[in-house]
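If you want the building blocks of each chain, they are given just below.
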Amino acid sequence: MVVDCGGGTVDLTTRKLLEENQLGEVTERAGDFCGSTFIDNKFIELLKSEVGKSAMDSLINKHYGQFQNLIQEFCQNVKLPFTGDDPDFIYEIDLEAVAPALLDYVTGSEKDLMEEKEWMITLNCDIIKSMFDSIIVRIFEMIRIQLKNSEKCSAIFLVGGFGQSKYLQKEIEKEFSHLVENISIPNQPIAAVVRGAAIYGKSLYESKNLKNMNNSKCVIATRVLKYTFGIKVSPLWEYGDPSDRLTSDGRIHKFRCIAERETNATTDQEYIVEDLVPISPDQTEMSFDIYYTKEQSAVYCDEPGMKLLGELLISLPDVHLGTNRPCTFCLSFGDMEIKARAFNQINGQNYQTKFELNELSDLNELNGF
């Protein structure tokens, strides 16, 4: 399992080592907004409670560099090195030295109190833990779900900028060491992410451009689909179908599932629907509207959570054949894109399009399909 702890998000993926050093995905990837910037935000809230919200707002708006100095002071000396081992731990931040402009904006009782404290912000062990703990609980929950949905997990790799946090490292090891034998943190957890991306990109290039020379294969062999994919179809309305969905021409629009969520898909595998025919005999083109949803048993394309990915339009000549012009539609889930293909079974005409990852529109979709 790779636990990528970044600034904004924490993302998890669990892989299995296959033959020829390829990786197969074991379960759905997961991600949540629980990265290290949320701990920074808790620190900022603490500062606002000490010096006043208006004073902090003025510092941010007029002296952003000094505000960043405060954040860096906190990150370098508290957030990353803090271990939680010493209950008597105390760290003091001298506002007069780190952000002197702030002093001009502090007024009233906050100014009186800070002058008594000689403009020192004191962070003790309990305060720092309170900044971490709600975030760590959410990370724990994602790890538990990954472990529950996976086979025996042999290792957890903690990477990303937030992966440098000693407290986070210690808490994950304490919580999961009885379930996972090897919990490792690379010497450079930020570089590990970049290096992995470079290795993946290189393998992707070689698998596409050098396959005839050295039989190169992409390092990622399989993916677990995070969504159910399908197309809109319009069969004849039948008894038992909702009467309010009956169209003027006696049909009903439904979602035809092609690839179900949690399916383990290889990068060269096509999911096929055959014998799709036009609705009317004089139809000269056919549109395949492609939808995706988190649900595994969707029926209609307007259900909550259903989203349109795109469409593929194909030409339908040979009108003299009426509706007896069957077509085949295919979806495949490649290395960095979703490919849609359709062909006319009568004349062999072939159409295709592709959708990039960022055309899927929410946080977790940035992590794949």
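Cut-offs used in this document
- Residues numbered from 1 in each chain as written.
- Predicted model: local features only at pLDDT ≥ 70, side-chain atom pairs only at ≥ 80, totals over all residues.
- Heavy atoms only, no water.
- Helix = DSSP H or I, 4+ residues; strand = E, 2+ residues; numbered from the N terminus.
- Rg over C-alpha atoms; globule rule 2.2 N^0.38 Å.
- Buried < 20%, exposed > 50% of the residue type's maximum accessible area, 1.4 Å probe, protein only.
- Contact = heavy atoms within 4.5 Å.
- Areas by Shrake-Rupley, 256 points an atom, 1.4 Å probe, with all protein chains shown as cover.
- Lys, Arg positive; Asp, Glu negative; His and termini not counted.
- Charge placed at Lys NZ, Arg CZ, Asp CG, Glu CD.
- pLDDT = per-residue confidence, 0-100.
- Domains from an automatic or database assignment.
- Pairing = 2+ DSSP bridges.
- Axes fitted to C-alpha atoms, helices over the stretch in contact; angles between N-to-C directions.
- Phe/Tyr/Trp six-rings, centres within 6.5 Å; stacked < 30°, edge-to-face > 60°.
- Lys NZ or Arg CZ within 6 Å of the ring centre and 35° of its normal.
- Salt bridge = Lys/Arg side-chain N within 4 Å of Asp/Glu carboxyl O.
- Parallel < 35°, antiparallel > 145°, perpendicular 65-115°, else oblique.
- Left-handed = near helix turned anticlockwise from the far one by under 90°.
- Nonpolar A, V, L, I, M, F, W, Y, C, P; charged D, E, K, R; others polar.

Visitor: Could you clarify how one ought to interpret the overall build of the chain in this entry?
Guide: Within the chain, the regular secondary structure consists of 9 helices and 19 strands. A compact globule built from 369 residues would reach a C-alpha radius of gyration of about 21 Å, whereas the chain, at 28 Å, exceeds it by more than 25%. Considering only C-alpha atoms, the chain reaches an extent of 90 × 50 × 40 Å along its principal axes. Burial status across the chain gives 44% buried among its 369 residues. Counting contacts in the chain only where the partners sit at least 6 residues apart, residues at least 24 apart contribute 70% of the total. Accessible area for the chain stands at about 19,200 Å²; split by element, carbon and sulfur atoms hold 49% of it. For the chain, the distance from the average position of its 37 positive side-chain charges to the average position of its 57 negative side-chain charges is 4 Å.

Visitor: What is the right way to look at the confidence of the model for the chain in this model?
Guide: Do not read the fine detail of predicted coordinates wherever pLDDT is low. Across the chain, pLDDT averages 88, with 93% of residues at or above 70. Here residues 361-367 scores under 50 on pLDDT; set against residues more than four positions off or in separate chains, the count is 20 contacts.

Visitor: Just to check I follow, could you spell out the domain arrangement of the chain for this structure?
Guide: One widely used convention gives an interface's size as the accessible area the parts lose upon coming together. Taken as a whole, the chain is organised into domain 1 (2-34 + 135-200), domain 2 (37-130) and domain 3 (226-356). Between the C-alpha centres of domain 2 and domain 3 the distance comes to 56 Å.

Visitor: When you look at the sheet that holds strand β12 (residues 254-259) in this model, what are you seeing that I'm missing?
Guide: Strand pairing in a sheet takes place through backbone hydrogen bonds and is either antiparallel or parallel in direction. With antiparallel pairing, 4 strands are arranged side by side in an open sheet as β12-β11-β15-β16. A single partner strand is all that each edge strand has here, and the edge strands are β12 and β16 (307-315). In this sheet, adjacent strand axes meet at a mean angle of 30° when their direction is disregarded. Summarising the sheet, strand β11 (residues 228-233) and β12 pair through 5 bridges and their orientation is antiparallel. Within β12, the residue paired with isoleucine 231 across the bridge is arginine 256.

Visitor: Would you mind going over the side chain of threonine 27 with me for this structure?
Guide: Examined against the element boundaries, threonine 27 turns out to sit in the loop between β4 (23-25) and β5 (30-32). For threonine 27, the contacting residues outside a window of four places in its chain are Thr14, Gln146, Asn149, Ser150 and Val224.

Visitor: Looking at this structure, how should I read the packing of aromatic side chains?
Guide: Aromatic ring pairs are defined here through the distance separating the ring centres and the angle between the ring planes. Following the criterion strictly, the structure yields 13 aromatic pairs and no others. Look at tyrosine 64 and phenylalanine 67: their rings are 5.6 Å apart centre to centre, the planes differ by 45°, and that puts the pair in the tilted class. Of this pair, tyrosine 64 and phenylalanine 67 both sit in helix α3 (residues 64-79), 3 residues apart, roughly one helical turn. Looking at tyrosine 64, the relative accessible area reads 47%, which means it is partly exposed. Residue phenylalanine 67 is classed as buried on the basis of its relative accessible area, which comes to 5%. Taken together, the aromatic side chains of Phe82, Phe89, Phe132, Phe162 and Tyr167 make up a single cluster linked through ring pairs. A cation sits over an aromatic face here: arginine 245 above tyrosine 300, 3.7 Å from the ring centre. One Lys or Arg, lysine 294, reaches over the ring of tyrosine 227 and ends 4.7 Å from the middle of that ring.

Visitor: What am I meant to see in the pattern of salt bridges here?
Guide: When the charged atoms of two side chains lie near each other, side chains of opposite charge can form a pair. What the rule picks out here adds up to 18 salt bridges. Lysine 117 is the salt-bridge partner of glutamate 50, the closest N and O atoms lying 2.9 Å from each other. In this pair, glutamate 50 is assigned in helix α1 (residues 37-51) and lysine 117 in the loop between α5 (108-116) and β7 (120-124), connecting sequence segments 67 residues apart. Accessibility expressed as a relative area gives 33% for lysine 117, which makes it partly exposed. Through salt bridges with shared partners, a single network forms among Asp85, Lys170, Glu171 and Lys174.

Visitor: Even after reading the chapter, I still don't get the packing of helix α6 (residues 125-148) against helix α7 (residues 166-176), so can you show me in this structure?
Guide: Two quantities define a packed helix pair, namely the angle between the axes and the distance from one axis to the other. Between α6 and α7, the least distance of the axes is 10 Å, while the angle of their chain directions is 45°. Between α6 and α7, the interaxial angle falls into the category oblique. The crossing of α6 and α7 is right-handed. When α6 is examined against α7, the residues Lys129, Phe132, Asp133, Ile136, Ile139, Phe140, Ile143, Arg144 and Leu147 are found in contact with a partner set consisting of Tyr167, Leu168, Glu171, Ile172, Glu175 and Phe176. Each residue belonging to the contact of α6 with α7 can be placed in one class, and the counts come to 10 nonpolar, no polar and 5 charged.

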